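# Remarks on the overall topology
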Amino acid sequence: MRVLILLAALVAVATSTETFVGWISGWDPRGPGHPVDVRVPLPSLQPLKAHLESNGISYSIMIKDVQALVDREKKEMLRTRRWLPLSTSTFSYDSYHNLAEIYDFIDLLVAENPNLVSKLEIGRSTENRPLYVLKFSKGGTNRPAIWIDTGIHSREWVTQASGVWFAKKIVSDHERDEGLASILNEMDIFLEIVTNPDGFAFTHTQNRMWRKTRSRHSSSTCIGVDPNRNWDAGFGGTGSSSNPCSETYHGPYANSEPEVRAIVDFVKNHGNIKAFISIHSYSQLLLYPYGYTSTPAPDHQELHQISKQAVAALASLYGTDFEYGSIYSTIYPASGSTVDWTYNQGIKYSFTFELRDTGRYGFLLPASQIVPTAQETWLALKVIMQHARDHPY
């Protein structure tokens, strides 16, 4: 259900004395003047509709049955698992894959391309899963680098799937694509495809809509921390929650999550990362700092111009329309986010993508859209990477 609201209307719903059975969860709250996507349990559907109508709040139903989409997605995945790929050339890039399959893909890619690709383990998750990063390099030590991560929010499956596609794209095109070749001649690329492996595994086995990590930090029975509110940049401020049961729970302290701490340590130890791109879904946005303050970033104008060029490149393939701007002004205040921290560490070219779509399928984007999503996003990534190459600092 998509609800068109202003802030006053949102407050009216949130403070209502009406009782709605079950859990009504927001999928994409963008703030005043924007639609809000909410997932409504069946027992709450009619009471919520009556409440919205009595308050003059217009709405439309985007997905009639979320579970039906989840079931269809599972069925499609089972069909693609009837055979195991023997190489990355026969890997199914237009299907969703579980953690083991993605890790197997990583191993195949490294084995096939030992002179370009290596696998780094930068840490371990709460549940002791390895945190793997692919390094694409033509040699040299501590060269200027670009970081890309996907899947920090575990339910955003098109991001991990796009990360897999990006990895194959790099090895396929690193010699024949002049732009990519020139980037790799001067810079390394680091790619973390499954940034939140515990949460991702949980989305495959228990709860497809799980967003957070799987850690425990309090006497609460609720589990997990929002890993995109756990960074030491305005930590604990607006747009994050101190409630362990909230989907935006920031955790007990900055960098409490091993998945976050591993990246923090890696970035600090490397010391020469020039662009940092964290990829989410959904909403079709390209965002840059800041999220925790309305004060423009010092490099606001340059970041805005890069974003304009990147979304134009993205749209050139399929016409997909992206908005762009600072996190705070474009989507909502969000304290403790990844790219605010990286920007404050001196990584000027820090960006967040929100990939397809704008709510028709939300986190349940059909697998048929994986490759088109990855293809168009890659064009935008190249704009950012080439700018970082051409504007050393």
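Data block above holds the structure.
First, a word on scope: everything that follows refers to the structure included in this document.

Reading the values: the criteria
- Residues numbered from 1 in each chain as written.
- Predicted model: local features only at pLDDT ≥ 70, side-chain atom pairs only at ≥ 80, totals over all residues.
- Heavy atoms only, no water.
- Axes fitted to C-alpha atoms, helices over the stretch in contact; angles between N-to-C directions.
- Helix = DSSP H or I, 4+ residues; strand = E, 2+ residues; numbered from the N terminus.
- Left-handed = near helix turned anticlockwise from the far one by under 90°.
- Contact = heavy atoms within 4.5 Å.
- Nonpolar A, V, L, I, M, F, W, Y, C, P; charged D, E, K, R; others polar.
- Disulfide = S-S within 2.5 Å.
- Buried < 20%, exposed > 50% of the residue type's maximum accessible area, 1.4 Å probe, protein only.
- Phe/Tyr/Trp six-rings, centres within 6.5 Å; stacked < 30°, edge-to-face > 60°.
- Lys NZ or Arg CZ within 6 Å of the ring centre and 35° of its normal.

## Looking at the packing of helix α5 (residues 157-173) against helix α12 (residues 370-390)
At their nearest, the axes of α5 and α12 sit 9 Å apart, and the two run at 65° to each other. Considering how the two elements wind past one another, α5 and α12 form a crossing that is right-handed. In this structure, α5 contributes Val-158, Ala-161, Ser-162, Trp-165, Phe-166, Lys-169 and Ile-170 to the contact, and α12 contributes Ile-370, Val-371, Thr-373, Ala-374, Gln-375, Thr-377, Trp-378 and Leu-381. Residues belonging to the contact of α5 with α12 are distributed by class as follows: 10 nonpolar, 4 polar and 1 charged.

## Considering unusual backbone geometry
Most peptide bonds take the trans configuration, and most residues that are not glycine carry a negative phi. At the junction of Pro-289 and Tyr-290, the peptide bond is cis and its omega measures out at 10° in the coordinates. Looking at the element boundaries, Tyr-290 is found in the loop between β10 (285-288) and α9 (300-318). With an omega dihedral of -5°, the bond running from Arg-356 to Asp-357 counts as a cis peptide bond. Unusually for a residue other than glycine, Asn-142 sits at a positive phi of about 50°. Position of Asn-142 among the secondary structure elements: in the loop between β6 (130-136) and β7 (145-150). Positive phi, close to 65°, is recorded for Asn-255, a residue that is not glycine. If you trace the backbone, Asn-255 turns up in the loop between α7 (197-205) and α8 (258-270).

## A short note on the state of the cysteines
Taken as a whole and judged by the stated rule, the model has 1 disulfide. The disulfide partner of Cys-222 is Cys-245, and the S-S distance across this bridge is 2.0 Å. Its torsion about the S-S bond being 85°, the disulfide of Cys-222 and Cys-245 is classed as right-handed. Pair noted here: Cys-222 is in the loop between α7 and α8 and Cys-245 is in the loop between α7 and α8, with a separation of 23 residues, a long-range link. Overall, the relative accessible area of 23% leaves Cys-222 in the partly exposed class.

## A closer look at the packing of aromatic side chains
One pass over the full model with this rule turns up 17 aromatic pairs. Ring centres of Tyr-103 and Tyr-132 lie 4.8 Å apart, and the angle between their planes is 65°; this geometry places the pair in the edge-to-face category. Separated by 29 residues along the polypeptide, Tyr-103 in helix α4 (residues 99-112) and Tyr-132 in strand β6 bring together distant segments of the chain. Comparing Tyr-103 with Tyr-132 shows no difference in burial state: the two are buried. Ring centres of Trp-231 and Trp-341 lie 5.6 Å apart, and the angle between their planes is 45°; on these two criteria the pair is classed as tilted. In this pair, Trp-231 sits in the loop between α7 and α8 while Trp-341 sits in helix α11 (residues 338-344), placing the two residues 110 residues apart along the sequence. Exposure class is identical for Trp-231 and Trp-341. Each is buried. Linked through ring pairs, Trp-147, Phe-190, Phe-266 and Phe-276 together constitute an aromatic cluster. Above the face of the Trp-157 ring, Arg-208 is positioned so that its terminal group lies 3.7 Å from the ring centre.

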